[in-house]
Amino acid sequence: MKKFQIIVEGDADIKFFKDYYHHLFHEKAPQGSITLPIVGDKTGGYKKLFLEEAINPLKENNAYGIINLVIFDADKDIEARRKELLAIKERFNVEFELFLMPNNQDAGALEDLLENIINPDNQPVMDCWQTYEGELEKVRIPTKTPPTLTIPAKKTKIYAYLETLLGETRTQKELIKDPNRNYENTMHWNLDAEYLEPLKEFLKNKLD
């Protein structure tokens, strides 16, 4: 296995990639190999990659033959985000491989990826959520400006998905939170889903 550093945007990404790496390669990712752009920082986000504190470790990795894998959200415009991030290479004279979630071709984020890898048996939960969103879109509150309602964020959808499947004890509730989720729990997630093929191919090609 090649030496590598996977740089992601947030704590939710770190937990997912630790679990997915273990699932793919049947071993734990090396300590500290999956990090935020700035190691030890309390917050992530793609803009942090433009800072010297993030660039210098990437350059050190280049010098020691460690592969940098940047895996960020595509957000609303994947080609604009790709162009913006790849420009870092020339600007700072640094090398890294780039993958944009959810699948390196569509707009979106980690939550879109997660929605596409739920255990198919649990699809009725997501169907109910879609109905819920549809009903919210019809509601108008005269005292609210604008009168339309705000549709809950995708993070809320994933949180709600797990909350419906887990118990009501405090211990179970803790398992809903980003750092405590178990993506290898096949009752909740399918890490062999076809939707993950682009990510699987990316990681296998770069690390095997």
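The shown structure was predicted, so the numbers you read here are calculated from the model rather than taken from an experiment.

Caption draft 1: Molecular detail of the overall build of the protein chain. Along its length, the protein chain carries eight helices and four strands. In terms of overall size, the protein chain behaves like a compact globule, its C-alpha atoms giving a radius of gyration of 19 Å where 208 residues would be expected to give roughly 17 Å. Along the first, second and third principal axes, the C-alpha atoms of the protein chain reach 60 × 40 × 30 Å. Per-residue burial over the protein chain gives 42% buried out of 208 residues. Put simply, 69% of the contacts in the protein chain that link residues at least 6 apart link residues at least 24 apart. Entry remark: accessible area of the protein chain is about 11,900 Å², with carbon and sulfur atoms responsible for 50%. Taken as two groups, the 28 positive and 36 negative side-chain charges of the protein chain have centres that lie 4 Å from each other.

Caption draft 2: Seen up close, the pairing of strand β3 (residues 67-73). By the criterion of burial, β3 is predominantly enclosed, with six of the seven residues buried. The sheet contact formed by strand β1 (residues 4-7) and β3 spans four bridges and is parallel. Bridging from a neighbouring strand, F4 pairs with I67 of β3. By the bridge criterion, five bridges tie β3 to strand β4 (residues 97-101) in an arrangement that is parallel. By the bridge assignment for β4, F72 is matched with L100. For the segment spanning β3, helix α3 (residues 78-92) and β4, crossover handedness is right-handed.

Caption draft 3: Spotlight on the nonpolar core. By size, the foremost hydrophobic cluster in this structure holds 38 residues, and its most contacted members are F16, I71, L114, I117, W189, L199 and L203. Residue assignment for this core shows that the elements contributing at least two residues are β1, α1 (11-25), β3, β4, α4 (110-115), α6 (154-165) and α8 (197-207). If one sorts the elements of this core by residue count, α1 sits on top with eight residues. Contact partners of L114, with chain neighbours within four places excluded, come to F16, I158, R181, Y183 and W189. Residues A54, A74, F96 and L100 belong to the second largest nonpolar core, which totals 18 residues.

Caption draft 4: Highlighting the pattern of salt bridges. A complete count under the given rule lists 14 salt bridges for this structure. A salt bridge links D19 to K15; its shortest N-O distance comes to 2.7 Å. Here K15 and D19 lie together in helix α1, a separation of four residues that amounts to about one turn. With relative accessibility at 17%, the residue K15 sits in the buried group. Put simply, E174 and K177 hold a salt bridge, and the shortest N to O gap is 2.9 Å. We classify K177 as partly exposed; its relative accessible area is 39%.

Caption draft 5: Region of interest: the packing of aromatic side chains. Throughout the structure, instances matching the rule amount to nine aromatic pairs. Ring centres of F16 and F17 lie 5.1 Å apart, and the angle between their planes is 85 degrees; on these two criteria the pair is classed as edge-to-face. Judged by relative accessible area, F16 falls into the buried class, the value being 0%. Pairing F16 with Y183 gives two aromatic rings, centres 5.3 Å apart and planes at 80 degrees, and the pair type is edge-to-face. Taken together, the residues F16 in helix α1 and Y183 in the loop between α7 (170-174) and α8 connect sequence positions 167 residues apart. The burial state of F16 is the same as that of Y183; both residues are buried.

The rules behind each value
- Residues numbered from 1 in each chain as written.
- Predicted model: local features only at pLDDT ≥ 70, side-chain atom pairs only at ≥ 80, totals over all residues.
- Heavy atoms only, no water.
- Helix = DSSP H or I, 4+ residues; strand = E, 2+ residues; numbered from the N terminus.
- Rg over C-alpha atoms; globule rule 2.2 N^0.38 Å.
- Buried < 20%, exposed > 50% of the residue type's maximum accessible area, 1.4 Å probe, protein only.
- Contact = heavy atoms within 4.5 Å.
- Areas by Shrake-Rupley, 256 points an atom, 1.4 Å probe, with all protein chains shown as cover.
- Lys, Arg positive; Asp, Glu negative; His and termini not counted.
- Charge placed at Lys NZ, Arg CZ, Asp CG, Glu CD.
- Pairing = 2+ DSSP bridges.
- Right-handed = clockwise from strand over helix to strand, strands pointing away.
- Core = buried A, V, L, I, M, F, W, Y, C linked by side-chain atoms within 4.5 Å.
- Salt bridge = Lys/Arg side-chain N within 4 Å of Asp/Glu carboxyl O.
- Phe/Tyr/Trp six-rings, centres within 6.5 Å; stacked < 30°, edge-to-face > 60°.

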